[in-house]
Each structure stands twice: as C-alpha cells, then as structure tokens.
Amino acid sequence: MSTPAAPPTAPPIIPAAPPALTGRTRSWSVRAVALLVLAVALVLAAVASVAFGARGVTWADIVAGVSGSQETLAEAAVAQRVPRTVLAAVVGAALGVSGALLQGISRNPLADPGIFGINNGAALFVVIGMSFFGMTSPYAYIWVALLGAAVTAVFVYLVGSLGRGGATPLKLALAGAATSIALSSLVSAVILPRVEVMDSFRFWQIGGVGGAAFDTIARVAPFLLVGFLLALISARGLDSLALGDEMARGLGVKVERTRIIAGVGAVLLCGGATAVAGPIAFIGLVVPHLCRMVYGPDHRWLLPLSAVTGAVLLTISDVVGRVIARPEELEVGIVTALVGAPFFIVVVRRMKVRAL
Amino acid sequence: MVARPGAPEAGTASTPPVASVIAQVSAGRRARRRRYLLVCAVLAVLILVTVAVSLLFGRQTFSPAEVIRVLLGEQVPGASFTVGVLRLPRALVGALAGAAFGMAGITFQTMLRNPLASPDIIGISSGASAAAVFCIVLLSMSETAVSIVATLAALVTAGVIYLLSFRDGLSGTRLILIGIGISAMLQSVVSYVLSRAAQWDLQTAMRWLNGNLNGSTMDQVLPLVVAVVVAGAVLALLAKSLDALRLGEETSAALGVRVERTRVLLILFSVTLLAFATAAAGPVAFVAFLAGPISVRLLGSAGSAGSPLLPAALVGALLILVADFAGQFAFGTRYPVGVITGVLGAPYLIYLLIRSTRTGGAQ
C-alpha cells in the first residue's frame, strides 16, 4: 500500500481520524450556524430559481404561478419553473452525495461521476436502448441509465485499482478519462446512422433540468431515496475506511461490505440523476470538498450536508445559466463544467506530487 | 546480458574473454537494428498497399493502369475525378495526419513516462475541437480560417495546461490530471455549441467531435507535409534528450540535458503536429494514443535500435488508413474514421490500462 492512510489531499482532510478517536472535529455551534446558512441559501436559491429566468416576471406573476394559475405567459413560465427548481435541487443533492461516497470509497479527492466516465456509461446504455430496443419511455431510460452507470463505475474502479498502490487518483482519473473517450466513440458509432436519435441525444447529452415535470421526478425518486439511505448506512464505515483498509478492519469494520453498500448507493444516486437530467459533471467533485472545509471529514455530517450543498449549488447554477444567456438558456451541465473544472484544477494543484 | 544463465559463456567460464563479449553485444545490436529496419519496412509496405487499395477500390473500381495514369497527371474520364479529387487527397491526408498523431503521441508518452498520457487523452485535441466547432457553428468561418484557429487553440490549450501544472517544477502526473480537467471543460463547450448548431452545420461540426476524412482536399496536404517534415525533423533531433528525459528530471539534468528547454521544445513541436493533423482530420480518437504502444510492442527489444518516432508515425498512418477504409465500406453506413478508431481502440485501451496499472507503469 503506497497510498497513505489519510486521503491524499490538502489540509482540510488531513485530520482524517474518525470522530470516534478524536472527538468532534468542529464544534456544534459552527456546524449549527453553517447548517442554518445552508438552509437559508437553499430557500433563497429556490426563490431565485422561480423568480429569475429567460423571461422577466413580476412579483404578482410569481405568486399566481406558484399557486397554480397559468393564465398569462409569465404565470405559465413561473409554473414551469417550480418543478424545474425541485428537480435541480434533487439532482444536485444526489450528485453531491454520490461524489462524497465515491471520494470516500476510493479515498480519492478527485472522484466524481463525470471524471469517472459514469455519465458516459449511462449515456451509452440510453442510446443503445433508444436505437436498438426502441425505448421511448423515460421510465425505461432510468433503468438502462442505472445499469450503464453501474457497469461503468465498477469497470473504471476495477481498472483503476489494479496493480501497485491501489486506486491512486491518477490511475482512476486516467482510467475514467480513457473509458469515457471509448464510450463516447461507441455512442457516436450507435447514433451516427440514426439521425432522429442523434437529434434527441445531443440535447440529452448536455445535461439540463429544463424539461422537468413532477412525474419524472416521482419516477426517479424511489431510486434516489434508496441511494440516500444506503449512503447514511455506510457513513460510519466510510469514516473508518479513511484510515486505510487494514486499520478499518482492525477497528472491526467490514471493509468490503461498506464499499459495496456505499458503491451501490453512489451508483443509484448518480445513475438516477443522470437518467433524469443527463450527464452533469463536477457537482459531485466540488460539493464534498466545500463541505469538508466547513464540517470536517465526519461522513455522518458530510453526506447530508453534501446533499444540501449540492442542491444549493445546482439550483444556483441553473439560475445563472438562465440569466446570463438571455434570451436563450445555458444548460446547467455547461455551467457546472465551466465552474467545476477550474475547481478540479485547484484541487490538483494543491495536492502533493507524492500523493498523486 | 552476459550474466544471463542462458548465455553459453556465462555457464562455463567465470570471466568470459572480452572479445567474445564485444562480439556478442555487437551481434545483438546488429540483430536489433535489423529487426528495427524490418519492422519499419513492413509497415511502410503495408501503408503503400493500403493506399493503393483505397485508390483502386470503392463504390467504383478502377484498374491499376487507370490509377497510375491519373497519378501521372493524365486526364482519364471518370477516374480523374474519383481518384484524383476524392480518393487521393483522402489517402494522403489520412496517412500524413496519422503520422503526425503518431509522432505527437509517442513524444508525449515518452516525455511523461506514461503510455496513457497521450495528447488526445490529456485534452490538447479538445482545445482544437472546441475552437473549431465554435468557429464553424457560431462564426461561420471558412475551412482555412478554422484550421488556423484550431491550431492556435491547441497551442494555447497546451500552454495553459503546462503553466497550470507548473508548481515547484513540473510533475507529469499533475500535467495529466490538469489536462483531464481542462478537457472536461472544453468538451462541455463543444456540446454546448453543438446544441446550438443548425441541422446543416451539424454534419461539419460532428467531424470535429470524432475525426473524419470526408471532404479532404489537396489544399490540406501541403501544410500537413510541411508540419510533418519540419516538426518531425526537430523531434528526431531531440530524440537523444527525450531518451534521457525518460530517466527522470534529475538524472537527465546530470546527463547534460537542459530539461526545461528540451521539454518546452518537445511540447511545442508535438502540439504543432497534433494541431495541424487535427485541423485537417479532426481529433481522430485514440490514434495518438495507440500508435506509440503498438509500435513499441512490434519492435520488442529492438525499440532501442532507432528513434521511436518513425515506427510510431508509420503505425499511426496505417491505423488511420485502414480504419478509414473500413469505415467507408465495411458496414452498411459510412462511419467517420474517428468512430472506427475509437471503437477498435477501446479494447486495446482496456488491455493497456490493465497491463500498465498492473506493472505500476501508470503511477
């Protein structure tokens, strides 16, 4: 094992001893205040998401639209923004938690569903479903996207963790990048002869929450709920995993079982999110890092807070995308990539060379 | 080499005579040299055969005599257009672009000491793609202008990646990771622009996603030739220093290599190669990545007998030519070359990933 026991990254994670050993890493008051701030931020983001958009609306329109009236264009726009806001929040939460889980499982600060190519795996399966099995229902998409996400996640993790040193950030990132190139060529191979699929796919591929409706959200909700539950169950085990496999085993943690539970949770969350919103990269990378800076590495806090932070971040990104490109919209997947990639680079630059 | 148990001298005499050791070593060297030349010659012949086949066969088949007359500049009814205007530029652009990809790929892989660190995987091609798609779809620029912008964009991308990964010296791993991050960002720009594309721009723009030789013209050949010859020559001159860089920064500095200057030159010229090839053929998936490892595998122990550039260039050219021909005619639909190389490359890539991580090569 050349991987150090603590996640190989910058100061916030170095004191990675589990709370059981060192006590609480942050005082309750700090956590409470931060939690309050987050809650307020979520409410504000939701209000902003309903109020701002490509079309300017008045306060009266907002009130009328939220209460269900769709008589004017402005009111209809508002009414349409409500499910969109909910979807953005749900997807953001799912991606945030799945990123935190992946980073915990692999002890890898660069883990993200997008970097790992999991999104592309889901995309390939969706495209195959569309082209060869004539799938049209969003419900079917969810299942194939989940399957694709799971297969890719397992594959990339296996390939990246073979050999000396286990799953180092570099190997996992390279395995992910290379796998996504391969997968996207396969996607092209499938869609190029099929113009109609190509047309609908290029919009799915970007990742957006624009076409949201409450029944899509309801369809994917069970998967996400199970994912969140699994995440919470595995929280303690992930804390011990941070110490390294052997130490965790010594503490009586069933390492493999924890990895599998957390892994299934992560795949359900990011597969479900990808199925409804298309591939959205970098939320899963950024959110856990932000949360760790404030809350420390305790997964029992980190996971729920990653959910809230993810929700806030994705909702805000969606609002930003709607506002900066008026009268058109910038899909949220693009906003997150443009913001998230520099963050990724900052994380890489802060890492010590040896840790890579 | 001498102490190997299989070697006859080592088993019998405790100190083998110097002359026989020298003879043995130089015999080994000659054998490796022969194998090196043989591999290169076979690859070159295969390339010629593929070019010939792609000129002769297609929707319409021409006789060798007709093709030769077209190549000599005569006007042959029917054949002049199909062979001279459609097939010949296509084959030439494919071969040259493949050679350029191969050389750029092996330079990066050797320099960063990682077979997975080819410029297409670490995001330099995506700079060219993003710029090209942007120019085609949003600015409606002409082909030539697009090529120039794409070349500049690839250079800028490489520069940005290099600068960002520079912190207390350059670390290959950091460079690769930052490249992956940049490439993710640029890919999202590409998909955004594509989502804004009108249907008729989509075809042209898709070429920049996968790599495609459709619509290659003779105008594209000359810049490629210049790039391949000039940059190839510079890279060949730097081959010794590149070899030393492989031993690590400190060792090569001790060997008298100016590490920083060499590295900047290597990056500059291999990115130029890559950019010209990308401008002509699009970012053909995996060619830069595959050419190096395949040529190394073909050469075996003979890899040390000559510059790795030439075999990598030949393998790159062969890959593109074969993939393009297969893409055009092997399936019901005409697939662009990049899709074929992407799909063919995937299993090999997986193999390589598993192998290189097992031996710890990708650390």
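A quick note: this is a predicted structure, and the numbers were derived from the prediction, not measured.

Side note on the overall build of chain B
No. 1: The secondary structure content of chain B amounts to 15 helices and zero strands.
No. 2: Counting only residues that meet the buried cut, chain B has 51% of its 363 residues in that class.
No. 3: Contacts in chain B between residues at least 24 apart in sequence constitute 76% of all its contacts with a sequence separation of at least 6.

Examining the overall build of chain A
No. 1: On a plain count of helices and strands, chain A comes out with 14 helices and zero strands.
No. 2: Helices and strands in chain A line up, N terminus first, as α-α-α-α-α-α-α-α-α-α-α-α-α-α.
No. 3: The 356 residues of chain A split such that 58% are buried.

Things to note about the nonpolar core
No. 1: Ranked by internal contacts, the top residues of the largest apolar core, which has 222 residues, are Val91 of chain A together with Ala97, Ala100, Leu273 and Leu274 of chain B.
No. 2: Per element, the largest residue contribution to this core is 16 residues, and it comes from helix H4 (residues 79–111) of chain B.

Thoughts on the confidence of the model for chain A
Residue and element names in this part refer to chain A.
No. 1: Confidence along chain A averages 77 in pLDDT terms, with 82% of residues attaining 70 or more.
No. 2: Across chain A, the element-wise mean pLDDT spans from 39 in helix H1 (residues 19–22) up to 88 in helix H13 (residues 299–324).
No. 3: Considering only residues more than four positions removed or in separate chains, one finds that residues 1–24, a stretch of pLDDT under 50, has 45 contacts.

Focus on the confidence of the model for chain B
Residue and element names in this part refer to chain B.
No. 1: Of the residues in chain B, 89% reach a pLDDT of 70 or more, and the chain-wide mean stands at 80.
No. 2: Looking over chain B, one finds the lowest element-wise mean pLDDT in helix H1 (residues 8–12), namely 46, and the highest in helix H14 (residues 309–329), namely 91.
No. 3: The model gives residues 1–13 a pLDDT under 50, and that stretch makes 13 contacts with residues more than four places away or in other chains.
No. 4: Confidence drops under a pLDDT of 50 for residues 359–363, and excluding neighbours within four residues, the segment shows 18 contacts in the predicted structure.
No. 5: As scored by the predictor, the complex reaches a pTM of 0.77 and an ipTM of 0.72.

Structural notes on H13 of chain A
No. 1: Between its first and last C-alpha, H13 of chain A extends 35 Å over 26 residues, near the 38 Å set by a 1.5 Å rise per residue.
No. 2: H13 of chain A sits mainly inside the fold: 22 of its 26 residues count as buried.

What to know about the packing of helix H2 (residues 18–56) of chain B against H4 of chain B
Residues and elements named next belong to chain B.
No. 1: Closest axis-to-axis distance for the H2/H4 pair is 9 Å, and the angle between their directions is 155 degrees. Taken together, H2 and H4 sit at an angle that is classed as roughly antiparallel. For H2 against H4, the interelement crossing comes out right-handed. Here Ile47, Val51, Ser54 and Leu55 of H2 come into contact with H4, specifically with Val83, Arg87, Leu88, Ala91 and Ala95.

A look at the packing of helix H7 (residues 169–191) of chain A against helix H7 (residues 172–196) of chain B
No. 1: Two numbers describe how H7 of chain A lies on H7 of chain B: the axes approach to 10 Å, and their chain directions differ by 40 degrees. In terms of their interaxial angle, H7 of chain A and H7 of chain B are classed as oblique. Along this stretch, H7 of chain A crosses H7 of chain B, giving a crossing that reads as left-handed. Listed contacts from H7 of chain B to Leu170, Ala173, Leu174 and Ala177 of chain A of H7 of chain A are Thr173, Ile176, Leu177 and Ile180 of chain B.
No. 2: Its residues placed into classes, the contact of H7 of chain A with H7 of chain B shows seven nonpolar, one polar and no charged.

Quick look at the environment of Ala285 of chain B
No. 1: With respect to the secondary-structure elements, Ala285 of chain B resides in the loop between helix H12 (259–281) and helix H13 (287–299).
No. 2: Accessibility expressed as a C-beta count within 10 Å gives 32 for Ala285 of chain B, which makes it buried.
No. 3: Residues Ala285 of chain B and Val339 of chain B lie 54 residues apart in sequence; the distance between their C-alpha atoms is 7.2 Å.
No. 4: Look past the residues within four positions of Ala285 of chain B in its chain and what remains in contact with it is Ile181 and Ser185 of chain A together with Asp120, Asn210, Gly211, Gly338, Thr341, Gly342 and Gly345 of chain B.

Some remarks on the environment of Val43 of chain A
Residue and element names in this part refer to chain A.
No. 1: Its place among the elements puts Val43 in helix H2 (residues 28–51).
No. 2: On the neighbour-count criterion, Val43 (11 C-beta atoms within 10 Å) is exposed.
No. 3: Sequence separation between Val43 and Val323 is 280 residues, and the spatial gap between their C-alpha atoms is 18 Å.

Remarks on the environment of Val18 of chain B
No. 1: With respect to the helices, strands and loops of the structure, Val18 of chain B is situated in helix H2.
No. 2: When the 8 C-beta atoms within 10 Å are taken as the criterion, Val18 of chain B is described as exposed.

Cut-offs and rules
Residues numbered from 1 in each chain as written. Chains lettered and ligands numbered in written order. Predicted model: local features only at pLDDT ≥ 70, side-chain atom pairs only at ≥ 80, totals over all residues. Helix = DSSP H or I, 4+ residues; strand = E, 2+ residues; numbered from the N terminus. Buried ≥ 20, exposed ≤ 12 C-beta atoms within 10 Å, placed from the backbone. Contact = placed C-beta atoms within 7 Å. Core = buried A, V, L, I, M, F, W, Y, C linked by C-beta atoms within 7 Å. pLDDT = per-residue confidence, 0-100. Expected span 1.5 Å × (residues − 1). Axes fitted to C-alpha atoms, helices over the stretch in contact; angles between N-to-C directions. Parallel < 35°, antiparallel > 145°, perpendicular 65-115°, else oblique. Left-handed = near helix turned anticlockwise from the far one by under 90°. Nonpolar A, V, L, I, M, F, W, Y, C, P; charged D, E, K, R; others polar.

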